Amino acid sequence: SPTNSPTNNPTNSPTNQPTTLMPTNTPTISPTNANVIPYSILTNNLVAFVDFTDSRCYSGSGSSYTNIIDSTSQYFYGTYSQNTDKSMRLVNSASACNTVASGIHLNSYYIYTVSMWIRRESTQSSCHYLIDARTGLSASYIYNAGVGSSWSYMSLNGGAYTTPSSSISTILPLSTWTFITLITSAQAYAGIYFASRYVQTEGLDCSIKSIYVYSTFINQTTNYANYLASSSFITPTKTPTR
């Protein structure tokens, strides 16, 4: 059987460290620049904002997309396409063990809080990763059989922060959009692989609409506000998990 938790953890450590890591307890909900962020979400310390339904992020063709915050080019890998709602479909097999995956790569940033809108598309028997940031942060994976120790909290649909779970079939109901937020144990400089292992294998069969990456800890009040502000595309009316 395949080994799903590799021991090697590549490093990527810059020399410059930011001076402010923790935000205030009173979140700023209104955007600081309405021309950059089309939602009333927290924009302070937002280092990456990706929305595949926005033409500034993805043109509709090609293997690259753009981080709207800094206009840098990022990339997809594997088999992918846009759904009719313009979310990004990442096609991965039922048993993804040691097979080449489809996923989304985000270049290295200072990361602390990561949120995304994701929809699981099929039932998979084994070997599928939700996220992996081990190109800069050790033990920062979540897959169907384990959670790395670098993830401290998880929130579903704006709900309370809880211990992260590896039960992907439970936290991501089939064919249902879910807003999931993950918080690391400490800020780190790392690239992120969404829907696969960092070596681009063992992919999660899913669609992803948008991604938000902060360099600071985002509290529960702000996370809930972000969920509400970014969920208008859901039909029927969403039910927050509170």
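Everything here concerns the structure above.
Predicted model, so just to flag it, every value in this text is computed and none were measured.

Parameters and conventions
- Residues numbered from 1 in each chain as written.
- Predicted model: local features only at pLDDT ≥ 70, side-chain atom pairs only at ≥ 80, totals over all residues.
- Heavy atoms only, no water.
- Helix = DSSP H or I, 4+ residues; strand = E, 2+ residues; numbered from the N terminus.
- Buried < 20%, exposed > 50% of the residue type's maximum accessible area, 1.4 Å probe, protein only.
- Polar contact = N/O pair within 3.5 Å; in protein donor to acceptor, adjacent residues only side chain to side chain.
- Contact = heavy atoms within 4.5 Å.
- Pairing = 2+ DSSP bridges.
- Phe/Tyr/Trp six-rings, centres within 6.5 Å; stacked < 30°, edge-to-face > 60°.
- Core = buried A, V, L, I, M, F, W, Y, C linked by side-chain atoms within 4.5 Å.

Observations regarding the side chain of serine 115
With respect to the element layout, serine 115 can be found in strand β6 (residues 103-120). With relative accessibility at 3%, the residue serine 115 sits in the buried group. Engagement of the side chain of serine 115 in a polar contact is seen with the side chain of threonine 181, the distance being 2.7 Å. Once residues within four sequence positions are removed from consideration, serine 115 is found in contact with Phe179, Ile180, Thr181, Ser210, Ile211, Tyr212 and Asn223.

Here's the deal with helix α2 (residues 220-230)
By the burial criterion, the buried members of α2 are Thr222, Asn223, Ala225, Asn226, Tyr227 and Ser230. Where α2 begins, the side chain of asparagine 219 points an oxygen toward the backbone nitrogen of threonine 221, at a separation of 3.3 Å.

Some words on the pairing of strand β1 (residues 46-51)
Taking burial as the measure, the 6 residues of β1 include 6 buried ones, the bulk of the element. Relative to strand β12 (residues 206-214), β1 runs antiparallel, the two sharing 5 bridges. By the bridge assignment, aspartate 51 is partnered in β12 with serine 210.

Some details on the packing of aromatic side chains
A full pass over the atoms with the stated rule returns 22 aromatic pairs. On the numbers, 4.8 Å between centres and 15 degrees between planes, the contact of tyrosine 129 with tyrosine 143 is stacked. One end of the pair, tyrosine 129, is in strand β7 (residues 129-132); the other, tyrosine 143, is in strand β8 (residues 141-143), and 14 residues separate them in sequence. By the burial criterion, tyrosine 129 is buried, and tyrosine 143 matches it.

Section: the nonpolar core
The tendency in soluble globular proteins is for nonpolar side chains to be buried side by side. Counting 55 residues, the largest nonpolar core has Phe52, Leu130, Phe194 and Ile208 as its most contacted members. Taken together, the elements giving at least two residues each to this core come down to β1, β5 (88-90), β6, β7, β10 (151-156), α1 (168-171), β11 (177-194) and β12. Residue contacts for isoleucine 208: discarding those within four places in its chain leaves Phe52, Ser87, Met88, Leu90, Ile104, Met116, Trp117, Ile118, Trp177 and Phe194.

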